[in-house]
Amino acid sequence: LAITLVFASSYGQYSVANQLSSAGTAKRTVNALLVIDVQNCFISGSLALPHSPADVIPIINNLLKTIPFDLVVYSHDWHPSNHISFFNNLNDRRQYIKPGTKVPDQPYQVVTYTGPKVETEQMLWPTHCVQNTGDANLHASLVQTTLKGEIFHVRKGIDPDLDSYSAFYDNQKLYKTELDDILRQRNVTRVFVVGLATDYCVAYTALDANDLNYATYVVEDACRGVTNASVQAQIAYMKRQGVKIIHSNEVRSLI
Ligand code: VGL
Ligand code: ZN
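This structure is a prediction, so every number in the text was calculated from the model and none was measured.

A word on the overall build of the protein chain
Here's step 1: A count of helices and strands for the protein chain gives 7 helices and 8 strands.
Here's step 2: Relative to its 255 residues, the protein chain shows a buried fraction of 37%.
Here's step 3: Contacts in the protein chain between residues far apart in sequence, at least 24 positions, make up 73% of those at least 6 positions apart.

A few points about the packing of helix 5 (residues 198-211) against helix 6 (residues 228-241)
Here's step 1: At a minimum axis separation of 10 Å, helix 5 and helix 6 run at an interaxial angle of 5 degrees. If you check the angle between helix 5 and helix 6, you find them roughly parallel. For the pair helix 5 and helix 6, the contacting residues are T198, D199, A203, A206, L207 and N210 in the first and S230, V231, Q234, M238 and Q241 in the second.
Here's step 2: Each residue belonging to the contact of helix 5 with helix 6 can be placed in one class, and the counts come to 5 nonpolar, 5 polar and 1 charged.

Side note on the sheet that holds strand 2 (residues 71-77)
Here's step 1: Pairing within the open sheet is parallel, and its 6 strands lie in the order 5-2-1-6-7-8. The open sheet has two edge strands with one neighbour each: strand 5 (150-156) and strand 8 (244-246). Averaged over neighbouring strand pairs, the angle between their axes works out to 25 degrees when direction is ignored.
Here's step 2: By the bridge criterion, 5 bridges tie strand 1 (residues 31-36) to strand 2 in an arrangement that is parallel. Across the sheet, I36 pairs through a bridge with S75, a residue of strand 2.

Here we look at the site of ligand 1
Here's step 1: Contacts to ligand 1 come from D37, F42, D77, W125, Y165, L196, A197, Y200 and C201.
Here's step 2: Among the residues forming the shell around ligand 1, the class breakdown is 7 nonpolar, no polar and 2 charged.

Side note on the pairing of strand 2
Here's step 1: Burial analysis of strand 2 places 7 of its 7 residues in the buried class, which makes it a mostly covered element.
Here's step 2: For strand 2 and strand 5, the ladder comprises 7 bridges, and the chain directions are parallel. Among the inter-strand pairings, V72 is bridged to a residue of strand 5, identified as I151.

Here's the deal with the nonpolar core
Here's step 1: L34, V35, V193, V194 and V202 are the most contacted members of the largest nonpolar core, which has 59 residues in total.
Here's step 2: Broken down by element, the residue count for this core peaks at 8 residues, all from helix 5.
Here's step 3: Excluding its chain neighbours within four sequence positions, the residues that come into contact with V202 are I36, V193, G195, L196, A197, V218 and C223.
Here's step 4: I84, L90, V111 and Y113 belong to the second-largest nonpolar core, a separate cluster that totals 5 residues.

Conventions used here
Residues numbered from 1 in each chain as written. Chains lettered and ligands numbered in written order. Predicted model: local features only at pLDDT ≥ 70, side-chain atom pairs only at ≥ 80, totals over all residues. Helix = DSSP H or I, 4+ residues; strand = E, 2+ residues; numbered from the N terminus. Buried ≥ 20, exposed ≤ 12 C-beta atoms within 10 Å, placed from the backbone. Contact = placed C-beta atoms within 7 Å. Axes fitted to C-alpha atoms, helices over the stretch in contact; angles between N-to-C directions. Parallel < 35°, antiparallel > 145°, perpendicular 65-115°, else oblique. Nonpolar A, V, L, I, M, F, W, Y, C, P; charged D, E, K, R; others polar. Pairing = 2+ DSSP bridges. Near = placed C-beta within 6 Å. Core = buried A, V, L, I, M, F, W, Y, C linked by C-beta atoms within 7 Å.

Right under this line is the structure:
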């Protein structure tokens, strides 16, 4: 019995020492802040969200000014004017409306397109975030500096025929953006997701980050959604998938 105890205790010491040494190399926590689509269109522009979206800006700015993230990535919804997600382009794409399905008569309705790339259920939005317009600019009061890390920008929704809520993949997962490579090359292990909109681009980005094995936190008060019902549904779904939903005042204690 005595021998067993000695062995167990020395094994315990070995395993603690091993964890400590690896904590300094491969297993160290590397934190990224993903700032999703904090653009004029979603704040005061063409697709302005209800529930005071501008109120997320001081919260995000405070994180940028006080927390030493290793990396900060700003995503931009960046559509060409003939984009598949715009209600105004429905008529130009009528050849792709699936026969027998409902034809939307206003934005915020879903159309089933058979192409041109793949069949897709597309929510039709007002024309928004058109490339190189002021509507697509990051909001002027958003801080774009960090305490310590590198800064990257990722643009998505650029292909006229694919929508892309997630900053990692288009909605059909046909293509990846550069985001996963940027994070992997820098050994990022953990991402904090903030921005717009909770129930679309924030949720899709967080769910993909979680699937890609990043420890994923959504900072709920630093996000705003399109509708309360889909925000509630997406928050519940993210929790079931293992995404952690936190408040901005909890971030500091985690880093
Ligand atoms: C978004 C709707 C359409 C978003 C982008 O950033 O959440 N929502 N395009
Ligand atoms: Zn969009």
